[in-house]
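Tertiary structure, described
Residue-level listing of the chains:
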Amino acid sequence: MTLQTDKLWIAGQPQTGLGPRLEVENPATGAVFATLNEASVEQVDAAVRAAQAAFASGVWDDPEYRADTLLRLADLIEQHRDALGALLVDEVGTPVDLVGPLQVGTPISFFRYYAGLARIDRSIALGPDGNAAAPSESVVRFLPVGVAAAITAYNYPLLLLALKVAPAFAAGCAVVILCSPQTPLATLALGALMKEAGVPDGIVSVLVGGAEIGKALSEHPGIDKISFTGSVGVGSRVMQQAGRGLKRVTLELGGKNAMILLPDYDFEPTIAACHIRYLRNAGQGCASPTRILVHRPKMAAFIAATQRYFATVKTGDPRTPGTLVGPLISEAHRARVEGVLTRALLAGAKIVAGGGRPDLPQGWYLNPTLVAGADNHSELARDELFAPVAMVIPYDDIDEAVAMANDSDLGLSGFVFGPHEAAMAVAKRIRTGTVYVNGGGAIRMEAPMGGFKQSGIGREYGEYGIREYLEPQHIQWSTA
């Protein structure tokens, strides 16, 4: 089966988009390597209406059928793992060593995990109410919210899609997917795989489009729930659009995450762990720890260790094994990042490790970069860059480090390195949705993912994720 990437998927059928012509660039070369048409507003309406009809028909009501379909979909993604991975390398620029386990492997795991959650009966029997004047019994049921809009970002297309579609399907919802016009190909390819897996016509549609199409979807009266991943600015607009219809929202937004290296932490043997999380995928990840807080007496040693480590980091062609840092998504994005760095340097900051562009003839690359001399209230410290760039800030005591870590409008992730008990004590003081101690571990699908403050609303992953697509309904009957 050849994966089709030039058509939208609406109500079980591939359709040519009726919107503007879209050119998809390979960020490693800067060259256009695919073209297709975006959706039109009319096609948004058609997709939503088809979803409403399919949901109302009851064709998706059987939890066993939904679970089996999720498992078949996971198996199909597994069968096409190499082809999907190749698409993601070309459209995102994710290095080949990372794309298989994270960009494709994790979505497979999510679909299989939520197949199990689809089978759970969450009904709660409250039992008799002993009120003598009005005896009764009650049950609480959990019903699918209806038609959900899943709006994904460019950096991890299939992973972000799975985080939304898998729990929505498990809950029994219909879904209209809107993927980023910067990286639409792997997501569009999934449309045919969903059809082959047995997802009923209308239960899912896959669209591509920009702000106008996003607005049409968010404001459509047939949408009951919106799940969005992206920037704070766009998330705010999505919430405003959803608010006009009082739609439920889940927002997974940005992070300006702090990493605290405790005074007695020996970072020399594990210096890579301090940097890999914001270097992989060219730093285009919302959980990247880009504010590194180091005890002042150890600043010079940390910078020297970073310089030695950066000298070993391979930046370049994402198709080459061993590459850690691939390209940024576009020339415009690289220019934005370089603009922030230029302003920081003009204000007195210094690049103390890495920096600049690699000597490559094409592509939107930046070298790993560590900046010192900018404080915690600078533009560099406040705004999410989405690049392989971090800053190092000195602190004098733990209370100051914690205060700086928490002094942010964002609260997605935090990182603490040090002796276990001391690091755990500090972790409990960090105001973020997730805190990773000494590197944490692999993705825990049953743990909540989301942020405090402007990093979002609601949670994804596990039971927390499926609850975002369920409505509790209380049924009470008289026993008099």
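Scroll up to find the structure.
First things first, this report covers the structure right here in the doc. Predicted, not measured: the structure shown is a model, and the values here were computed from it.

Some remarks on the packing of helix α9 (residues 271-279) against helix α10 (residues 299-310)
In contact at an axis separation of 10 Å, α9 and α10 are set at 65 degrees when each is read in the N-to-C sense. Helix-helix and strand crossings are classified by hand; for α9 and α10 the assignment is right-handed. Across the interface between the two elements, Ile271, Ala272, Cys274, His275, Ile276, Tyr278 and Leu279 of α9 pack against Phe302, Ala305, Thr306, Tyr309 and Phe310 of α10. Across the contact of α9 with α10, the residue classes tally to 10 nonpolar, two polar and no charged.

Structural notes on the environment of glycine 326
Considering the arrangement of structural elements, one finds glycine 326 in the loop between α10 and α11 (331-346). On the basis of relative accessibility, which here comes to 2%, the residue glycine 326 falls in the buried class. For glycine 326 and alanine 28, which are 298 residues apart along the polypeptide, the C-alpha to C-alpha distance reads 7.3 Å. Every residue in contact with glycine 326, bar those within four places of it in the chain, is listed here: Gly93, Pro95, Ala282, Gly316 and Tyr365.

Here we look at the pattern of salt bridges
In total, this model carries 22 salt bridges according to the counting rule given. Note that arginine 248 is salt-bridged to glutamate 471, the shortest N-O span being 2.3 Å. With arginine 248 in strand β11 (residues 248-252) and glutamate 471 in strand β22 (residues 470-478), this residue pair connects regions lying 223 residues apart in the sequence. Here the salt bridges do not stand alone but share partners, grouping Asp75, Glu78, Arg81 and Arg112 into one network.

Topic: the side chain of arginine 66
Assignment of secondary structure puts arginine 66 in helix α2 (residues 63-79). In this structure, arginine 66 is buried with no salt-bridge partner, the nearest side chain bearing the opposite charge being aspartate 61 at 5.6 Å. Here the side chain of arginine 66 touches tryptophan 60 through a polar contact of 2.9 Å, landing on its backbone oxygen. Among the polar contacts made by the side chain of arginine 66, one reaches the main-chain carbonyl oxygen of alanine 170 at a distance of 3.1 Å. Here arginine 66 is in contact with Trp60, Asp61, Ala118, Phe169, Ala170, Ala171 and Gly172, once residues within four sequence places are set aside.

Considering the packing of helix α7 (residues 211-219) against helix α8 (residues 232-243)
Between α7 and α8, whose axes approach to 8 Å, the crossing angle comes to 40 degrees. The two elements α7 and α8 cross, and the hand of that crossing is right-handed. Counted together, Gly214, Lys215, Ser218 and Glu219 of α7 and Val238, Gln241 and Ala242 of α8 form the full contact between these two elements. Per-class residue counts for the contact of α7 with α8 are two nonpolar, three polar and two charged.

Rules used in this analysis
- Residues numbered from 1 in each chain as written.
- Predicted model: local features only at pLDDT ≥ 70, side-chain atom pairs only at ≥ 80, totals over all residues.
- Heavy atoms only, no water.
- Axes fitted to C-alpha atoms, helices over the stretch in contact; angles between N-to-C directions.
- Helix = DSSP H or I, 4+ residues; strand = E, 2+ residues; numbered from the N terminus.
- Left-handed = near helix turned anticlockwise from the far one by under 90°.
- Contact = heavy atoms within 4.5 Å.
- Nonpolar A, V, L, I, M, F, W, Y, C, P; charged D, E, K, R; others polar.
- Buried < 20%, exposed > 50% of the residue type's maximum accessible area, 1.4 Å probe, protein only.
- Salt bridge = Lys/Arg side-chain N within 4 Å of Asp/Glu carboxyl O.
- Lys, Arg positive; Asp, Glu negative; His and termini not counted.
- Polar contact = N/O pair within 3.5 Å; in protein donor to acceptor, adjacent residues only side chain to side chain.

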